[in-house]
Amino acid sequence: MMRVVSFAFVILCIYAGNSHSKPSCGYPMLEWCKSQEIAGECGVEKYCLHRNATRPNRAESSVEVGLYYESLCPGCRMFLVKQLFPTWIMLQDIMNVQLVPYGNAQESFDGKKYKFTCQHGEDECLGNMIEACVLNITGSVAFPIIFCMESAFDVEKSAQPCVEMHSSLWGPLMAV
Ligand SMILES: *[C@@H]1O[C@H](CO)[C@@H](O)[C@H](O)[C@H]1NC(C)=O
Ligand SMILES: *[C@@H]1O[C@H](CO)[C@@H](O)[C@H](O)[C@H]1NC(C)=O
């Protein structure tokens, strides 16, 4: 009888020990289902199988946020830097952001070419254009680059260092 009890006790201890040590893996929760290895290491294979089955296409269930803004507009800069970017950093798993640096710009066609006028002057047209190119060629680091530019004192002067900090695409970008 004594033997049965201590055997049960040992099993209980192993079980309790296991369930305690399981979540202590080196990955943040957002990454747990990113691969089977991580899921295994974190002891959440069952959870990830279930989650993958019920949310097969993450992009489809993400919240779409579009921001139409002007590169030199103080209110836009404040919103992008202090609210949108930090929110995206925390929630990018369930959130897609589409940036459109073309707010309040006017275009006219004189028969030969387009002329653009921006609310905050020529400099803003240049800033919008650089950011549109950043969005076109830098892929997943576009938002960090634009955040870097918009949070700098001088949006245009910071373009090159901001692009170079996140990618090696400054040359190709200038060639666009
Ligand atoms: C969940 O799905 C993603 C995307 O299809 C896949 O890369 C990942 O390996 C899956 N996770 C697990 C634990 O199977
Ligand atoms: C970048 O611009 C080119 C030329 O307009 C376009 O064909 C391409 O689809 C754009 N790529 C992205 C990722 O927006």
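Residues numbered from 1 in each chain as written. Chains lettered and ligands numbered in written order. Predicted model: local features only at pLDDT ≥ 70, side-chain atom pairs only at ≥ 80, totals over all residues. Heavy atoms only, no water.

## Some points on the packing of helix α7 (residues 142-151) against helix α8 (residues 159-166)
What counts here: Interaxial angle, 0 to 180 degrees, is taken between N-to-C directions of lines fitted to C-alpha atoms, where a helix line uses only the stretch in contact. Helix and strand definitions here come from DSSP, where helices need a minimum of 4 consecutive H or I residues and strands a minimum of 2 consecutive E residues; each element is numbered from the N-terminal end. Oblique is the label for any angle not covered by the other classes, which are roughly parallel (under 35 degrees), roughly antiparallel (over 145) and roughly perpendicular (65 to 115). Handedness of each helix crossing follows the sense of rotation of the near helix against the far helix: counterclockwise by less than a right angle gives left-handed, clockwise gives right-handed. Contact between two residues is taken to exist if any of their heavy atoms lie within 4.5 Å; hydrogens are not considered. Classification convention: Asp, Glu, Lys, Arg as charged; Ala, Val, Leu, Ile, Met, Phe, Trp, Tyr, Cys, Pro as nonpolar; all other residues, Gly among them, as polar.
Where α7 meets α8, the closest approach of the two axes is 9 Å, and the angle between their N-to-C directions is 150°. The angle between α7 and α8 falls in the class roughly antiparallel. Relative to α8, the crossing made by α7 is right-handed. Where α7 abuts α8, its residues Pro144, Ile145, Cys148 and Met149 lie against Ala159, Cys162, Val163, Met165 and His166. The residue inventory of the contact of α7 with α8, partitioned by class, reads 8 nonpolar, 1 polar and no charged.

## Considering the confidence of the model for the protein
Using the following cut-off: A residue's pLDDT is the predictor's confidence in that residue, given on a scale from 0 to 100.
Summary statistics for the protein give a mean pLDDT of 84 and a share of 83% for residues scoring 70 or more. Long-range and interchain partners of residues 1-22, a stretch whose pLDDT sits below 50, account for 3 contacts in this model, where long-range means more than four residues apart.

## Considering the site of ligand 1
Heads up, the condition is: In these notes, residues near a molecule or strand are those with any non-hydrogen atom within 4 Å of it. In protein, a polar contact means a hydrogen-donor-capable atom and an acceptor-capable atom, both N or O and within 3.5 Å, with residues adjacent in sequence counting only if both atoms are side-chain atoms; elsewhere, any N or O pair within 3.5 Å suffices. Surface accessibility in these figures is a Shrake-Rupley result with a 1.4 Å probe; residues are shielded only by whichever protein chains are displayed.
Taken together, the residues surrounding ligand 1 are Cys33, Lys34, Ser35, Gln36, Ala39, Cys48 and Asn52. The backbone of Cys33 places a nitrogen or oxygen atom 3.0 Å from a nitrogen atom of ligand 1. Protein coverage of the free-state accessible area of ligand 1, which is 360 Å², stands at 55%. Within the residue set of the shell around ligand 1, elements represented by two or more residues are α2 (36-41) and α3 (45-54). Classifying every residue of the shell around ligand 1 by side-chain character gives 3 nonpolar, 3 polar and 1 charged.

## Observations concerning the environment of Val141
Inspection of the secondary structure puts Val141 in the loop between α6 (122-137) and α7. As for Val141 and His166, which are separated by 25 residues in sequence, their C-alpha atoms are 6.5 Å apart.

## Notes on the state of the cysteines
Stated precisely, the cut-off is as follows: Note on disulfides: each one is a pair of cysteine sulfur atoms within 2.5 Å. Relative accessible area decides the class of each residue, using a 1.4 Å probe on protein chains only: under 20% of the type maximum gives buried, over 50% gives exposed, and in between gives partly exposed.
Taken as a whole and judged by the stated rule, the model has 4 disulfides. The side chain of Cys25 participates in a disulfide bridge whose partner is Cys42; the two sulfur atoms lie 2.1 Å from each other. Because the torsion about its S-S bond is 95°, the bridge between Cys25 and Cys42 counts as right-handed. Taken as a pair, Cys25 in the loop between α1 (2-21) and α2 and Cys42 in the loop between α2 and α3 lie far apart in primary sequence, 17 residues in all. Taken individually, Cys25 and Cys42 each receive the classification buried, so the pair is uniform in this respect. In this model, Cys118 is linked to Cys125 through a disulfide, with the two sulfur atoms separated by 2.1 Å. Measuring the twist about the S-S bond at about 110°, one finds the Cys118-Cys125 disulfide to be right-handed. An identical accessibility class is assigned to Cys118 and Cys125; each is buried. Take the cysteines of the protein that form disulfides and number them in order along the sequence; they join up as 1-3, 2-4, 5-6, 7-8.

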